[in-house]
Amino acid sequence: MSDLVSTHSPVFDPLRLDGKAWPLKALFVLAGTGFLAISSQINVPMVPVPITMQTFAITMIGVIYGWRLGVVTIMAWLTEALVGLPVLANGAGGIAHFAGPTAGYLASFPLIGGLAGWLAARGWTGDRVVLSFMAHFSANILCLVIGVAWLATLIGLEEAIMLGAAPFLLGAVLKSALAAAVLKAIQRSIRKPAGLF
């Protein structure tokens, strides 16, 4: 069991952000908010509900940036949304989204990015594909739980589960698998010996 949360695994830091100066980190935060905004506009047609790449991007930011800088980046992106920039899914933005049916999901985003990054720091990423999948899947499920809990206060628990969680379970599985595959590829590319050229 202790192997699941081992701190002896090499830290996954593909961008070498740990120890960088804050001005450089600020540039990465800005780039990260752009990545989150673009990913939020990507829709994968699914039945009955299309899936966006928003939570994929959020958990990836948490893992690749590290949980602390990942949370700062996600909070900066949410602040952009709060002031009205069109950075959420379907080009949405504004304070109304933080009080309406989507408020619980939005509130969960820093938590799920932080969770994925925290687990990655304990070795749940890279070559440990099953644990990497579980880190992202756990984060996606936490997003759904928090989102449904808020939605249930507006429309009732049963309807909130049917509309706010059930249609997104397949997407959570697919995005978690994609994240694990991408992170394994990143880990492999980091370990490749430098070429002759």
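Look up a bit, the structure's there.
Draft legend 1. Quick peek at the packing of helix α2 (residues 54–65) against helix α5 (residues 129–155). Where α2 meets α5, the closest approach of the two axes is 10 Å, and the angle between their N-to-C directions is 125 degrees. Judged on the interaxial angle alone, α5 and α2 are oblique. The handedness of the crossing between α2 and α5 is right-handed. Between α2 and α5, the residues in contact are T55, T59, M60 and V63 and H136, A139, N140 and C143, respectively. Broken down by class, the residue content of the contact of α2 with α5 amounts to four nonpolar, four polar and no charged.

Draft legend 2. Representation of the side chain of Q187 in the model. With respect to the secondary-structure elements, Q187 resides in helix α7 (residues 169–191). For Q187, a relative accessible area of 13% puts it in the buried group. Non-local contacts of Q187, meaning those with residues more than four positions away in its chain, are made with F12, G126 and D127.

Draft legend 3. Inspection of the packing of aromatic side chains at higher detail. Applying the stated criterion to the full structure yields three aromatic pairs. With 6.0 Å between their ring centres and 85 degrees between their planes, F28 and Y65 make a pair best called edge-to-face. Linking F28 in helix α1 (residues 22–40) with Y65 in helix α2, this pair joins segments that are 37 residues apart in sequence. Using a relative accessible area of 24% as the deciding quantity, one classes F28 as partly exposed. Here Y65 falls in the buried class, since its relative accessible area comes to 11%.

Draft legend 4. Looking closely at the environment of A179. Here A179 is to be found in helix α7. The exposure class of A179 is buried, given its relative accessible area of 0%. It is 6.9 Å that separates the C-alpha atoms of A179 and F56, two residues lying 123 residues apart in sequence. Excluding residues that lie within four positions of it along the chain, A179 makes contacts with F56, M60 and H136.

Draft legend 5. Seen up close, α7. In this model α7 runs 33 Å from its N-terminal to its C-terminal C-alpha over 23 residues, within 8% of the 33 Å that 1.5 Å per residue would give. In this structure, the buried side of α7 is in contact with β2 (51–52), α2 and α5.

What counts and what doesn't
- Residues numbered from 1 in each chain as written.
- Predicted model: local features only at pLDDT ≥ 70, side-chain atom pairs only at ≥ 80, totals over all residues.
- Heavy atoms only, no water.
- Axes fitted to C-alpha atoms, helices over the stretch in contact; angles between N-to-C directions.
- Helix = DSSP H or I, 4+ residues; strand = E, 2+ residues; numbered from the N terminus.
- Parallel < 35°, antiparallel > 145°, perpendicular 65-115°, else oblique.
- Left-handed = near helix turned anticlockwise from the far one by under 90°.
- Contact = heavy atoms within 4.5 Å.
- Nonpolar A, V, L, I, M, F, W, Y, C, P; charged D, E, K, R; others polar.
- Buried < 20%, exposed > 50% of the residue type's maximum accessible area, 1.4 Å probe, protein only.
- Phe/Tyr/Trp six-rings, centres within 6.5 Å; stacked < 30°, edge-to-face > 60°.
- Expected span 1.5 Å × (residues − 1).

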